[in-house]
Amino acid sequence: MASTSSAIDFFSSDYFEARQRFVAACEAAGGEHHALELALDDHFEQPLSIDIAVIGSSQATRWVALSSGVHGVEAPLGSALQLAVLENLRAMTLPKDGQSLVLIHAVNPYGFAMRRRFNEQNVDLNRNFLLPDQPYHGAPPLAGKFRKVLGPPTRPLRIATSTLRMGYLAARHGKRSFWETLPVGQYDHPDWIFYGGQRLAQSGELLGASLPKLLPAAEEVIHLDFHTGLGRWANCELLLSESESSDGAAWWHDNFSAFQVVESDQISRYQVRGSFGPWLQSLFPDCRYHYATAEFGTYAALQVVRCLADENRWTQWQENLPATHWSRVRLSEAFAPKRPNWRQKCFDTGSQLVAHAANVLAG
């Protein structure tokens, strides 16, 4: 997976093609494949599943973990990188001696298949992974007002009107209110964006039951969780979770100095709870579990939020909204641009990041 690889070869047209290629590549690489199938009321011609590939010994003590699709519509980049890893293991010398590789493909397969950020219950999985002492309730003070202006009570039109509505909110409450209200997450409005749910979602239940069994001897893990949509165009940031200790943050700075490491208290945009990293670390309490969100920027933040609001409003008003609906096509472009320069640059950076993680773990 050298930087000369063409990103176009690894991006798939949809979830079903991506899954088929991932499973085939896992089998060709001699990996161990596990399919965690979701139970869904929606009718799909093929089952939707979280697919996990284990390369190397299941008794390894050191692991590189790569995950994609926690936010379904963001999955294309992470899926492409995972496929490239599987197809180029020999060139990358992955896994290294004494370590194994686990790839978690499409944590939110419904969102990937339907071009949604959220899952089959409108839950934002990266707000859903709460720890036992964290309640599934509450919302930022302005959440209700934002929902009233941008949300389901407003009948959608065939043209997007969110720009004017967002301008009104910015004028009334200030631009900062967007980052203090929307992406923070909320647990009171099931039909609204960034909804964290009322209990651990199906994806979390399946992963919680499976991952400790797949990595039973893990003593150290470097986990990169691929996301898109936040930050400058094609720029990569390694975002550390709020649970990362000062020693843990120092470890990332020391070992990934060639990349842009951003600590939780430096993320001025917003703070969240219920994110994937702390929950994963809680599954492996006796393990040195180094987790970071590898975030790749796309379009301007308010443009991305506008696409989310429009798509959600149509989803709540039109039953069985197809993945081909204009609001979902536009949402897909907002999180996974089809522009070749974006795909190639992000693919190259992601490839370097994966190879670097393997080298760090090999030490």
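Figured I'd write up the structure that's included with this text. (Residues numbered from 1 in each chain as written. Predicted model: local features only at pLDDT ≥ 70, side-chain atom pairs only at ≥ 80, totals over all residues. Heavy atoms only, no water.)

## What to know about unusual backbone geometry
Then, number 1: Positive phi, close to 65°, is recorded for Asn122, a residue that is not glycine.
Then, number 2: With respect to the helices and strands, Asn122 occurs in the loop between helix H4 (109-114) and helix H5 (143-150).
Then, number 3: With relative accessibility at 5%, the residue Asn122 sits in the buried group.
Then, number 4: The residue Ala234 is not glycine, and still its phi comes out positive at about 65°.
Then, number 5: Position of Ala234 among the secondary structure elements: in the loop between strand E5 (220-233) and strand E6 (236-240).
Then, number 6: With relative accessibility at 3%, the residue Ala234 sits in the buried group. (Helix = DSSP H or I, 4+ residues; strand = E, 2+ residues; numbered from the N terminus. Buried < 20%, exposed > 50% of the residue type's maximum accessible area, 1.4 Å probe, protein only.)

## With respect to helix H1 (residues 15-28)
Then, number 1: Taking 1.5 Å of rise per residue, 14 residues should cover 20 Å, and H1 covers 20 Å from first to last C-alpha, within 8% of that figure.
Then, number 2: Along H1, the residues classified as buried are Tyr15, Ala18, Phe22, Val23, Ala25 and Cys26. Seen from one end, H1 has its buried residues packed into an arc of 165°, which puts them on one side. Facing away from the buried surface of H1 by more than 90 degrees, the exposed residues are Gln20, Glu27 and Ala28.
Then, number 3: The elements touched by buried residues of H1 are strand E1 (32-37), strand E2 (49-55), helix H2 (75-87), strand E4 (99-105) and H4.
Then, number 4: You can read the cap of H1 off the contacts: a side-chain oxygen lies 3.2 Å from the backbone nitrogen of Phe16, and it is on Asp14.
Then, number 5: Gly30, located one to two residues past H1, shows a positive phi value of around 75°. (Expected span 1.5 Å × (residues − 1). Arc of directions from axis to C-beta. Contact = heavy atoms within 4.5 Å. Polar contact = N/O pair within 3.5 Å; in protein donor to acceptor, adjacent residues only side chain to side chain.)

## A few points about helix H10 (residues 276-283)
Then, number 1: Within H10, six of the eight residues are buried, which leaves it mostly tucked inside the rest of the structure.
Then, number 2: Buried residues along H10 sit in contact with strand E3 (62-67), helix H8 (202-214), E5 and strand E8 (288-297).

## Structural notes on empty space enclosed by the protein
Then, number 1: One pass over the structure, following the stated rule, counts three cavities of 30 Å³ or more.
Then, number 2: Within this model, the second largest cavity holds a volume of roughly 40 Å³.
Then, number 3: As for the second largest cavity, its lining consists of Ala65, Val102, Ile104, Leu211, Leu215, Val221, Phe284 and Tyr289.
Then, number 4: Of the residues belonging to the lining of the second largest cavity, the class tally is eight nonpolar, no polar and no charged. (1 Å grid on protein atoms, 1.4 Å probe; cavity = no way out; pocket = protein on both sides within 12 Å on 5 of 7 lines; lining within 4 Å. Points joined across faces, edges and corners; volume = space filled by probe spheres on them. Nonpolar A, V, L, I, M, F, W, Y, C, P; charged D, E, K, R; others polar.)

## What about the side chain of Asp225?
Then, number 1: Examined against the element boundaries, Asp225 turns out to sit in strand E5.
Then, number 2: In this structure, Asp225 is buried with no salt-bridge partner, the nearest side chain bearing the opposite charge being Arg127 at 9.3 Å.
Then, number 3: Within polar-contact distance, the side chain of Asp225 engages the side chain of Ser67 at 2.6 Å.
Then, number 4: Of the polar contacts made by the side chain of Asp225, one reaches the side chain of His227; its length is 2.7 Å.
Then, number 5: Dropping the residues within four chain positions of it, Asp225 is found in contact with Ser67, Ser68, Val70, Phe276, Tyr291, Ala292, Thr293 and Ala294. (Lys, Arg positive; Asp, Glu negative; His and termini not counted. Salt bridge = Lys/Arg side-chain N within 4 Å of Asp/Glu carboxyl O.)

## Focus on the packing of aromatic side chains
Then, number 1: Considering all chains together, one arrives at 19 aromatic pairs under this definition.
Then, number 2: Ring centres of Phe118 and Phe194 lie 6.3 Å apart, and the angle between their planes is 70°; this geometry places the pair in the edge-to-face category. One end of the pair, Phe118, is in the loop between H4 and H5; the other, Phe194, is in the loop between helix H7 (176-181) and H8, and 76 residues separate them in sequence.
Then, number 3: Its relative accessible area of 0% is what places Phe118 among the buried residues.
Then, number 4: For Phe194, a relative accessible area of 3% translates into the label buried. (Phe/Tyr/Trp six-rings, centres within 6.5 Å; stacked < 30°, edge-to-face > 60°.)

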